[in-house]
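Listed below, chain by chain, are the residues.
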Amino acid sequence: MKKPEYKLPKTILLSLIMILLPPCFVNAKSPPDMHPGHMVTIRPQEYNGPVRNPFKGIESRLKLPLTEKSNTKEWYKLGSVINLRGYFHWHTIESHKNSGKEKITARVNYLLDGFENYNCHGRYRSSPGVGTGYVETFLPNDLPETDYLNQTAYFHRRVAKTIQNLGETLDGDPRIALVEIGFIGKWGEQHNPTPTPETQEIMGQAYTDYFKKTLIYNRNVNQFKDFKFGYFNDAAMEIGGCGGSMEKFVAGRHPDLWKTYPMEGEVRSWSGAIMGTDHNPMVVLQDNNKTRWAINNIRWSHYSHCCLLGQVWWYGSAPRGFPGWDKLTRHEKENLFDIHKAFGYRFIITEFKYESSMSPGDVFDVSFKVVNEGAAPMYYKWPVEISLLDPVSRAPVWKETFTGVDIRAWIGGEGFPVGPGEGHKNFQSALYEYTTPAPAYNIKNTFRLPADIPNGTYIIALAVLSPKGTPALRFAVSNYFNGGRHPMGYVGVNLEPGQVEIDPADFDDIFNDPLCIPDNPETIKSRSNRSGLFSEN
């Protein structure tokens, strides 16, 4: 059987495509089993490389708005960048106390105009937490700086009302995945000044009251502790110093908070403290020990995504030691892929069962087993779709979503053999697995075939839909068709399908997906990030 391969672009602008997009595909592990009643069992082969998916992976920062020519070209080429951070300066969404929601709507639409058209399928990660930055510049016109600095009752009323307007405008917006608390402190990061306990209570309650759908996160371990918010570690993957932030956060919160709220961070390569290095983020990719350390840190912290290597991906440029994508060695690219693969969720279908022949109007069962081998769950309840596709055009002839299925509940492994503190010194010695392995989730639904469906052979396929209703989230299996659906086998309506397993030659190479076609691809063998990785060091 041919070994799995995935291809890489050579230009830095395309660097994240291969990190985030689905791979090319290969044969199944074993032939399907035929059962009485035409039940078929398919066991897809796991894809061994990184997979593009929403709300996970390496964060890229792009300049807003996307409508500017200088950014649109980069955005199109990057295509798969899922984490777009947009800090809305307070005065741009509220100029005075009587400003309404219209100004918020206008600003958001200006910044994110066309965002959904860039191969995102609703995969958006934006931080509209209002960054005040330098207060003399970004405060509303009628909010005195003294009220802001002293956190007066007037400031409390203003900030609570603005959060209400934000919630009533943005909550549930499919373009925005996460909302940072913002509003106070330099860059809106709750330092200089630090929010008082009263300010934390007022702001935390406002976010809780007015954001029921979109998730909230905060930056500082000792703040907003009475509220269940996600966490942004401003010094992720550091050894010593601020690097203990995640340990402090976990100790001060419920240990299972990561199951329902995202953990993420920023790797401060510019600080000279990234995993003990000296201002050179490239050592993480060059040094297998540090790559192991990064992967173990992601697993222990249950990170969904990080701004990896500080500003490496900022605007597609190459500052602070990053030589450019086309200058990376094969070894550096492999390490980068393995780091990306460790982030967030990784849904693997280990078994798929269905009835291979039926008649119009029949009731039939479909079931599958899924395992999440990633570091975190998917935090939004996106529907799982079953469909029958025309075998030639691949267009859906019939489709329906599973009922009673919540992909947020597909939790991965838990427990880590190496703990925080001094134990981190061992993070670079080996790659560790969770002490409690990821369970297999059994998903089963009964569907009814339409009475008017024409006789013929169809392809049965799985997909996970974004809020737009289009296929978005990819399973980490080899079976893939351009556009996001995973073909599983053939179905015959009023006839035997002739064959049940799809020829791997019919699976798509993601590089031919018209949504994002890179140029100058090269081939690199994929690697596993299991414990045997990097044995050469």
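Up top is the structure these notes are about.
Everything numeric here is computed off the predicted structure, so don't read it as measured data.

Examining the overall build of the protein
Moving on, step 1. Looking only at helices and strands, the protein has 12 helices and 19 strands in total.
Moving on, step 2. With 537 residues in all, the protein has 59% of them scored as buried.
Moving on, step 3. A fraction of 77% describes how many contacts in the protein between residues 6 or more apart in sequence connect residues 24 or more apart.
Moving on, step 4. If you sum the accessible surface of the protein, you get close to 20300 Å²; carbon and sulfur atoms cover 50% of it.

Let's talk about the packing of aromatic side chains
Moving on, step 1. For the coordinates displayed, the defined rule picks out 24 aromatic pairs.
Moving on, step 2. Here Phe368 and Phe402 contribute two aromatic rings whose centre-to-centre distance is 5.6 Å and whose plane-to-plane angle is 90°, an arrangement assigned as edge-to-face. Separated by 34 residues along the polypeptide, Phe368 in strand S12 (residues 363-372) and Phe402 in the loop between strand S14 (396-401) and strand S15 (440-448) bring together distant segments of the chain. With respect to class, Phe368 is no different from Phe402; both count as buried.
Moving on, step 3. Taking NZ or CZ as reference, Lys56 lies 6.0 Å from the ring centre of Tyr345, over its face.
Moving on, step 4. The side chain of Arg394 reaches across the aromatic face of Phe481, ending 4.0 Å from its centre.

Looking at the pairing of strand S7 (residues 230-233)
Moving on, step 1. Burial along S7 is two-sided: Gly230 and Phe232 facing one way and Tyr231 and Asn233 facing the other are all buried.
Moving on, step 2. Pairing analysis gives 2 bridges linking strand S6 (residues 215-218) to S7, with the strands arranged parallel. Each bridged residue has a counterpart across the sheet, and for Asn218 the counterpart in S7 is Tyr231.
Moving on, step 3. Pairing between S7 and strand S8 (residues 263-266): 3 bridges, direction parallel. Considered in S8, the bridge of Asn233 is made with Gly265.

So, unusual backbone geometry
Moving on, step 1. In this chain, Asn192 is followed by Pro193 through a cis amide linkage whose omega measures 5°.
Moving on, step 2. Along the chain, Pro193 falls in the loop between strand S5 (178-180) and helix H8 (197-210).
Moving on, step 3. With a phi close to 60°, Gln190 is a non-glycine residue in the positive phi region.
Moving on, step 4. Note that Gln190 resides in the loop between S5 and H8.
Moving on, step 5. The backbone of Asn494 sits at a positive phi, close to 65°, despite the residue not being glycine.
Moving on, step 6. Mapped onto the fold, Asn494 is located in the loop between strand S18 (486-493) and strand S19 (522-525).
Moving on, step 7. Classification of Asn494 as partly exposed rests on a relative accessible area of 43%.

Description of helix H11 (residues 288-301)
Moving on, step 1. Here H11 spans 20 Å end to end across 14 residues, near enough to the 20 Å set by a 1.5 Å rise per residue.
Moving on, step 2. Most of H11 sits inside the fold, with 13 of its 14 residues counted as buried.
Moving on, step 3. Its side-chain oxygen placed 2.8 Å from the backbone nitrogen of Asn289, Asp287 serves as the N-cap of H11.
Moving on, step 4. Note on H11: the residue one or two positions beyond its end, His302, has a positive phi of about 60°.

Overview of the pattern of salt bridges
Moving on, step 1. Tallying each qualifying case throughout the model produces 12 salt bridges.
Moving on, step 2. Salt-bridge contacts for Arg346 lead to Glu46; the nearest nitrogen and oxygen are separated by 3.4 Å. With a gap of 300 residues between them, Arg346 in the loop between helix H12 (330-342) and strand S10 (347-355) and Glu46 in the loop between strand S3 (39-42) and strand S4 (57-58) connect regions that are remote in the sequence.
Moving on, step 3. Arg346 sits in the buried class, given a relative accessible area of 6%.

Re the pairing of S12
Side-chain positions along a regular strand alternate between the two faces of the sheet.
Moving on, step 1. Among the 10 residues in S12, 7 count as buried, and that is most of the element.
Moving on, step 2. Bridge count between S10 and S12: 7 bridges; the pairing is antiparallel. By the bridge assignment, Tyr354 is partnered in S12 with Val366.
Moving on, step 3. The sheet contact formed by S12 and S15 spans 9 bridges and is antiparallel. Opposite Phe364, over in S15, you have Phe447 as the bridge partner.

A word on the packing of helix H7 (residues 153-170) against H8
A pair of packed helices is captured by two measures, namely the crossing angle of their axes and the spacing between those axes.
Moving on, step 1. Running from N to C, H7 and H8 cross one another at 20°; their axes reach a closest spacing of 9 Å. With respect to H8, the element H7 is oriented roughly parallel. In this structure, H7 crosses over H8, and the sense of that crossing is right-handed. Contact with H7, carried on its side by Phe155, His156, Val159, Ala160, Ile163, Gln164, Gly167 and Glu168, involves Glu198, Thr199, Ile202, Met203, Ala206, Tyr207 and Tyr210 of H8 and no other residues of that element.
Moving on, step 2. Split by residue class, the contact of H7 with H8 holds 9 nonpolar, 4 polar and 2 charged.

Focus: the side chain of Asn479
Moving on, step 1. Along the chain, Asn479 turns up in the loop between strand S17 (471-473) and S18.
Moving on, step 2. On the basis of relative accessible area, Asn479 is assigned to the buried category, the value being 4%.
Moving on, step 3. Separated by 3.0 Å, the side chain of Asn479 and the backbone oxygen of Pro487 make a polar contact.

Considering the nonpolar core
Moving on, step 1. In this structure, Phe352, Phe368, Phe402 and Trp410 are the most contacted members of the largest nonpolar core, which totals 47 residues.
Moving on, step 2. Here Phe352 is in contact with Val40, Thr41, Ile42, Val366, Ser367, Phe368, Ile386, Ile460, Leu462 and Met488, once residues within four sequence places are set aside.
Moving on, step 3. Of all hydrophobic cores here, the second largest spans 35 residues; its members include Ala236, Met282, Val283 and Ala375.

A look at the environment of Pro193
Moving on, step 1. Relative accessible area serves as the criterion here: at 15%, Pro193 is assigned to the buried category.
Moving on, step 2. It is 8.8 Å that separates the C-alpha atoms of Pro193 and Asn150, two residues lying 43 residues apart in sequence.
Moving on, step 3. Apart from residues lying up to four places away in sequence, Pro193 is in contact with Tyr148, Leu149, Gln151, Ile184 and Gly185.

With respect to the environment of Ile216
Moving on, step 1. Relative to the helices and strands, Ile216 resides in strand S6.
Moving on, step 2. Among the residues examined, Ile216 registers a relative accessible area of 4% and is labelled buried.
Moving on, step 3. Taking C-alpha positions, Ile216 is 4.9 Å from Val179, a pair spaced 37 residues apart along the chain.
Moving on, step 4. Ignoring anything within four residues of it in the chain, the contact list for Ile216 reads Val179, Ile181, Tyr207, Phe211, Phe229 and Gly230.

Cut-offs used in this document
Residues numbered from 1 in each chain as written. Predicted model: local features only at pLDDT ≥ 70, side-chain atom pairs only at ≥ 80, totals over all residues. Heavy atoms only, no water. Helix = DSSP H or I, 4+ residues; strand = E, 2+ residues; numbered from the N terminus. Buried < 20%, exposed > 50% of the residue type's maximum accessible area, 1.4 Å probe, protein only. Contact = heavy atoms within 4.5 Å. Areas by Shrake-Rupley, 256 points an atom, 1.4 Å probe, with all protein chains shown as cover. Phe/Tyr/Trp six-rings, centres within 6.5 Å; stacked < 30°, edge-to-face > 60°. Lys NZ or Arg CZ within 6 Å of the ring centre and 35° of its normal. Pairing = 2+ DSSP bridges. Expected span 1.5 Å × (residues − 1). Polar contact = N/O pair within 3.5 Å; in protein donor to acceptor, adjacent residues only side chain to side chain. Salt bridge = Lys/Arg side-chain N within 4 Å of Asp/Glu carboxyl O. Axes fitted to C-alpha atoms, helices over the stretch in contact; angles between N-to-C directions. Parallel < 35°, antiparallel > 145°, perpendicular 65-115°, else oblique. Left-handed = near helix turned anticlockwise from the far one by under 90°. Nonpolar A, V, L, I, M, F, W, Y, C, P; charged D, E, K, R; others polar. Core = buried A, V, L, I, M, F, W, Y, C linked by side-chain atoms within 4.5 Å.

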